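# An overview of the molecular structure
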Amino acid sequence: MKRLRIIQPKAGLLITLILLAPLNAGHADTDPAMVKEGEKLYQANCVFCHQADAIGKAGFAPSLTNPELLSIASDKFFMGTIRDGRAGTGMPPFAHLGHKKIKALVAYFRSFEILPNRSAEVDAQPEAHGDPRLGRFWFEQICATCHGVKGDGYLAGGTGTAIGRPGFLNKASDGFIRVTVKEGRSNTRMLGFSGSNGLANLTDQEIDDVITYMRDLPDSQ
Ligand code: HEC
Ligand code: HEC
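Report on the accompanying structure. (Residues numbered from 1 in each chain as written. Chains lettered and ligands numbered in written order. Predicted model: local features only at pLDDT ≥ 70, side-chain atom pairs only at ≥ 80, totals over all residues. Heavy atoms only, no water.)

### Considering the site of ligand 2
What counts here: Distances are taken per atom, and a residue is near a molecule or strand as soon as one of its heavy atoms is within 4 Å of it. Throughout this description, a polar contact denotes any pair of N or O atoms lying within 3.5 Å of each other; where both atoms belong to protein, one of them has to be capable of donating a hydrogen while the other can accept it, and for residues adjacent in sequence the pair is counted only when both atoms sit in side chains. The numbering of helices and of strands both runs from the N terminus, where a helix is a DSSP run of H or I of at least 4 residues and a strand a run of E of at least 2. Any residue that is not Ala, Val, Leu, Ile, Met, Phe, Trp, Tyr, Cys, Pro, Asp, Glu, Lys or Arg is counted as polar, Gly included; the first ten are nonpolar and the last four charged.
Around ligand 2 there are 24 residues in total, and Cys46, Cys49, His50, Arg86 and Met91 lie nearest to it. Here Arg86 contributes a side-chain N or O atom positioned 2.7 Å from an oxygen atom of ligand 2. Breaking the shell around ligand 2 down by element, the ones donating at least two residues are helix H3 (47-50), helix H5 (75-84) and helix H6 (99-110). Ranked by residues supplied to the shell around ligand 2, first place goes to H5 with four residues. Its residues placed into classes, the shell around ligand 2 shows 16 nonpolar, six polar and two charged.

This is how it looks when you write it as structure tokens:
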């Protein structure tokens, strides 16, 4: 019995260290003071839409602590989106907060990161080359159900964001879109679209056709 008591806290500590290790790896911005400031700013400016712990609400505001999003979104993507907002959607611009506070907000989201950060690798992926006519078919058959026929998102009554609008398209790389479509986002309605567990099994070429179509949408620029 005595032995067990000594072993237990050690095992607990080890687990804590393992859990903390990936958070600190490569993330200079996860310093506790900054995370704390970010959390305060979050509670004051964002919680109303993005909900407690930034888990989001389907059809209202996306999750900002979703593991797949955090692993592929660069700081540049987050900071640019927060600064400029997304015109024509419910996401207002927060340029008035200034660079430092926006950085603190991103540090707060990063403190939830549980998957390794792949954003540099994802953004370095080649541009999509595909057939927009084929992409339109898939978009209208599948994506439009949740994202709206023109990718207008919640305004079109969908549960997905405005992926056909410049607010998203100007900030997201083709790699970001490709990986999101392939892998989806856990615990949201955005399921992955490749492999037998996918909502539909789209090939890499079909996904590139869809991206090419999205970049061609009338409201995309
Ligand atoms: C069943 C509903 C559903 C379908 C079908 C669907 N999506 Fe989504 N999608 C979502 C939701 C919900 C989100 C936001 C998830 C969140 O809250 O984080 C999302 C997020 C995304 C994002 C990230 C957007 C952003 O704002 O960062 C992209 C890109 C995307 N979807 C592309 C597609 C494409 C392309 C298709 C068709 C092949 C598709 N989706 C089909 C529900 C769906
Ligand atoms: C009035 C509601 C509202 C408020 C307040 C708000 N947001 Fe948003 N936010 C949204 C909506 C709606 C979207 C999705 C827009 C779309 O359809 O593309 C969004 C999208 C985002 C995204 C992109 C997420 C993704 O999946 O690509 C980020 C990042 C974000 N918001 C950060 C913030 C931060 C940080 C704050 C506070 C400083 C904030 N938001 C305040 C409504 C809001």
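On we go.
### A closer look at the site of ligand 1
Taken together, 23 residues are adjacent to ligand 1, and Cys143, Cys146, His147, Thr161 and Met190 come closest. The contact in question runs from an oxygen atom of ligand 1 to an N or O atom on the backbone of Ser63, over 3.4 Å. Within the side chain of Thr161, an N or O atom sits 2.8 Å from an oxygen atom of ligand 1. Listing elements by their share of the shell around ligand 1, those giving two or more residues are helix H8 (132-147) and helix H10 (174-183). Broken down by element, the residue count for the shell around ligand 1 peaks at four residues, all from H8.

### Digging into the environment of Gly157
Its place among the elements puts Gly157 in the loop between H8 and helix H9 (166-169). The spatial distance from the C-alpha of Gly157 to the C-alpha of His147 is 8.2 Å, given a sequence separation of 10 residues.

### Brief notes about the nonpolar core
Put simply, the rule reads: To qualify as a nonpolar core, a set must consist of buried Ala, Val, Leu, Ile, Met, Phe, Trp, Tyr and Cys residues joined through side-chain atoms within 4.5 Å. Any residue under 20% of the maximum accessible area for its type is buried, any over 50% is exposed, and the rest in between are partly exposed; the area is computed with a 1.4 Å probe on protein chains only. Domain boundaries shown here were taken from an automatic or database domain assignment.
Judged by nonpolar contacts, the single largest core of 46 residues is most densely connected at Phe109, Phe168 and Phe176. Secondary-structure elements contributing two or more residues to this core are helix H2 (32-45), helix H4 (67-72), H5, H6, H8, H9, H10 and helix H11 (204-216). For this core, the leading source of residues is H6, giving seven residues. A domain-level breakdown of this core finds at least three residues from each of domain 1 (29-115) and domain 2 (121-216).

### Brief notes about the coordination of the iron atom of ligand 2
What counts here: Note: metal donors comprise N, O and S atoms at 2.8 Å or less from the metal (3.2 Å for Na, K and Ca); water molecules are not included, so apparent gaps in a site are possible. Irregular is the label for any site that misses the other tests, which are tetrahedral for four donors with all angles between 85 and 135 degrees, and square planar for four donors or octahedral for six when opposite donors exceed 155 degrees and the remaining angles lie between 65 and 115.
Protein coordination at the iron atom of ligand 2: the donors are His50 (NE2) and Met91 (SD), at 2.0 to 2.2 Å from the metal. Around the iron atom of ligand 2, the six donor atoms are arranged such that angles at the metal cover 86 to 179 degrees; this shape is classified as octahedral. Taken together, the residues span a long stretch of sequence, with His50 in helix H3 and Met91 in the loop between H5 and H6 at a distance of 41 residues. Accessibility assignment for this pair places His50 and Met91 in one class, buried.

### What to know about H10
Condition: We call two residues in contact when some of their heavy atoms are within 4.5 Å.
Within H10, eight of the 10 residues are buried, leaving the element largely enclosed by the surrounding structure. For H10, the set of buried residues is Asp174, Gly175, Phe176, Ile177, Arg178, Val179, Thr180 and Val181. For H10, the secondary structure elements touched by its buried residues are H4, H5, helix H7 (119-123), H9 and H11. Positioned one or two residues after H10, Gly184 has a phi angle of 70 degrees, which is positive.

### What to know about the coordination of the iron atom of ligand 1
At 2.0 to 2.2 Å from the iron atom of ligand 1 lie its protein donor atoms, namely His147 (NE2) and Met190 (SD). Coordination at the iron atom of ligand 1 comes from six donor atoms whose angles at the metal span 88 to 178 degrees, giving a geometry best classed as octahedral. With a gap of 43 residues between them, His147 in helix H8 and Met190 in the loop between H10 and H11 connect regions that are remote in the sequence.

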